[in-house]
Amino acid sequence: CINTGKTRIIEYYNSQIDFLLAEAESLANSQKFDDAMILLATVPEVCKEAYEKAMAKIGDVYQQKIDVEGAAKYNEAYALWKSSKSKDTALQVVDLLAQINPLSKSAKDGRSLVASVEAHWAELEARRREIEERNWAFKMRQYEDKQNAETAQREMNHEYRMQESNFNYEVQ
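Everything numeric here is computed off the predicted structure, so don't read it as measured data. (Residues numbered from 1 in each chain as written. Predicted model: local features only at pLDDT ≥ 70, side-chain atom pairs only at ≥ 80, totals over all residues. Heavy atoms only, no water.)

*Asks:* I'd like a description of the overall build of the protein chain, backed by residues and values.
*Replies:* Helix and strand content of the protein chain: five helices and zero strands. Each helix and strand of the protein chain, ordered N terminal to C terminal, gives the series α-α-α-α-α. Taking 16 Å as the expected radius of gyration for a compact globule of 172 residues, we find that the protein chain reaches 39 Å, considerably beyond that expectation. In terms of principal-axis extent, the alpha carbons of the protein chain reach across some 150 × 30 × 20 Å. Expressed as a percentage of the 172 residues in the protein chain, the buried residues total 22%. Element-wise, carbon and sulfur atoms account for 53% of the exposed surface of the protein chain, whose accessible area totals about 13000 Å². (Helix = DSSP H or I, 4+ residues; strand = E, 2+ residues; numbered from the N terminus. Rg over C-alpha atoms; globule rule 2.2 N^0.38 Å. Buried < 20%, exposed > 50% of the residue type's maximum accessible area, 1.4 Å probe, protein only. Areas by Shrake-Rupley, 256 points an atom, 1.4 Å probe, with all protein chains shown as cover.)

As structure tokens, this is what we get:
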């Protein structure tokens, strides 16, 4: 009785595997990836051929899932970055891109966008430092000009006093 039931289960899955694969494909095409993988995971290991086909299909469905999810995250990050290149946006973009599975087809594009964000901020930081250095140089020049003017004023005052002291007053 148990062996008969076991044989019937094996026969069922071996005869129905193509239908299960087609249903899983239909679910995956509807972006119901988890449902498709659950359906395929129900095939028992004792049904060797059917099980191997189901496991191969689970891999394909999982790849579809991470590709679709990765593309969605990438597109969201890309649109966000194109709309505003602020520091907060950059952090949000990098956070979204970090959620892309490295095995996804979008992972490469995600890494490129991260590199673009990093390059943008490196460029801004370089410009900020350049402006800061120019401002500092300008302040130093102002300070030096003020010091030179004070030194010149002291020299003129000293020269004036020297001329005044060398002047002989004769009173008659």
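*Asks:* Outline the pattern of salt bridges, supporting the account with residue identities and numerical values.
*Replies:* If the charged atoms of two oppositely charged side chains come close together, the side chains can form a pair. Scanning the model with the defined rule gives nine salt bridges in all. Residue Lys48 is joined to Glu52 by a salt bridge in which the shortest nitrogen-to-oxygen separation is 2.8 Å. Residue Lys48 and its partner Glu52 are both found in helix α3 (residues 48–83); the two are separated by four residues, about one turn of the helix. The partner of Arg141 in a salt bridge is Asp145, and the shortest N-O contact between them spans 3.5 Å. (Salt bridge = Lys/Arg side-chain N within 4 Å of Asp/Glu carboxyl O.)

*Asks:* How would you explain a nonpolar patch on the surface if you had to name every residue and give the values?
*Replies:* Together, Trp136, Met140 and Tyr143 give the surface a local cluster of nonpolar side chains, amounting to about 360 Å² of exposed area. Residue position: Met140 is located in helix α5 (residues 107–166). (Patch = residues over 30% accessible without salt bridge, like charges linked within 9 Å, V, L, I, M, F, W, Y side chains within 5 Å.)

*Asks:* Which residues make up helix α1 (residues 2–29), and what values go with them?
*Replies:* With 28 residues, α1 extends 38 Å between its outermost C-alpha atoms, agreeing within 8% with the 40 Å of an ideal straight helix rising 1.5 Å per residue. The largest bend in α1 amounts to roughly 55° and is located at Gln16. Positive backbone phi, at 60°, marks Gln31, one or two positions downstream of α1. (Expected span 1.5 Å × (residues − 1). Bend = angle between axes of the 7 residues up to and from the residue.)

*Asks:* So, the packing of aromatic side chains: which residues are in play, and what are the values?
*Replies:* All told, the structure shown has two aromatic pairs when counted by the stated rule. A centroid spacing of 5.2 Å and a plane angle of 80° characterise the contact between Tyr12 and Tyr13, whose relative ring orientation is edge-to-face. Judged by its relative accessible area of 16%, Tyr13 falls in the buried class. (Phe/Tyr/Trp six-rings, centres within 6.5 Å; stacked < 30°, edge-to-face > 60°.)

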